[in-house]
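# Chain and residue survey
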Amino acid sequence: MQFSTITAFLTLAMAGTGLAAPVDAAAPEALEARAPAQLIDLWGDANFLGLKYTGTAERGACINLPSNFANIITSGKARSGLKCTTWLNTGCTGTGFSFISSAQFDSWIDNKSKSWKCITL
């Protein structure tokens, strides 16, 4: 009797140690969408020249450009499989300019971008 009580106690005590709690297994695509990654490259000059900004974020997140890049962007490249948009205002509001792959910015947004966001195609 004493042996079975001790065995039961030890079994219960050890069950709570070293075992991870169950976790929902997310689909790889969901994990990829949540993981911060380099999504966009923006340049201060045409033809992907000059000062370069590499944007790292989760897909779908709006990012305000740092003050040293706001209002100087002229060309950009999105990572494969993404559509990126730059906006005239912070917070990804107002008029936006979207591109897939790469773009030379149109005159209405050239040197006027203040925020960006990239989404999966």
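Residues numbered from 1 in each chain as written. Predicted model: local features only at pLDDT ≥ 70, side-chain atom pairs only at ≥ 80, totals over all residues. Heavy atoms only, no water.

## Comments concerning the pattern of salt bridges
Rules: Put simply, a salt bridge is a Lys or Arg side-chain nitrogen that is within 4 Å of an Asp or Glu carboxyl oxygen. Under the DSSP-based scheme used, a helix requires at least four consecutive residues in state H or I and a strand at least two consecutive residues in state E, with every element numbered from the N terminus. Burial here depends on accessible area, computed with a 1.4 Å probe over protein chains only, as a share of the maximum for the residue type. Under 20% is buried, over 50% is exposed, and the range in between is partly exposed.
For the structure on display, the rule yields one salt bridge. Among the ionic pairs, R79 bridges to D41, the shortest N-O distance being 2.6 Å. Residue R79 is located in the loop between β4 (75-78) and β5 (82-87), and its partner D41 is located in strand β1 (residues 37-45); the two are separated by 38 residues in the primary sequence. Among the residues examined, R79 registers a relative accessible area of 26% and is labelled partly exposed. The buried category is assigned to D41, whose relative accessible area is 8%.

## Side note on the side chain of D41
Keep this limit in mind: Any N or O atom pair separated by 3.5 Å or less is treated as a polar contact, with the protein-specific requirement of one donor-capable and one acceptor-capable atom, and with residues adjacent in sequence counted only for side-chain atom pairs. Only heavy atoms matter for contacts: two residues are in contact if any of them lie within 4.5 Å across the pair.
Within polar-contact distance, the side chain of D41 engages the side chain of R79 at 2.6 Å. Contact partners of D41, with chain neighbours within four places excluded, come to K52, Y53, T54, S75, G76, K77 and R79.

## A short note on the sheet that holds β5
To be explicit about the condition: Here, strands pair whenever DSSP counts at least two bridges between them.
The strand order across the open sheet built from four strands is β3-β8-β5-β6, with neighbouring strands paired in antiparallel fashion. Whereas interior strands pair on both sides, the edge strands pair on one side only; in this sheet they are β3 (63-64) and β6 (96-100). Of the strand pairs in this sheet, β5 and β6 are connected by five bridges, and their pairing is antiparallel. Looking across to β6, one finds that T85 is bridged to S98.

## Details of the sheet that holds strand β2 (residues 49-57)
Worth spelling out the cut-off: Axis definition: a line fit to C-alpha positions, over the contact stretch in the case of helices; interaxial angles, taken between N-to-C directions, run 0 to 180 degrees.
The four strands are arranged β2-β1-β4-β7 in an open sheet whose pairing can be described as antiparallel. Because the sheet does not close on itself, it has two edges, and the strands there are β2 and β7 (102-104). Averaged over all pairs of adjacent strands, the angle between strand axes in this sheet comes to 15°, irrespective of strand direction. Bridge count between β4 and β7: three bridges; the pairing is antiparallel.

The values are spatial; any link to function lies outside them.
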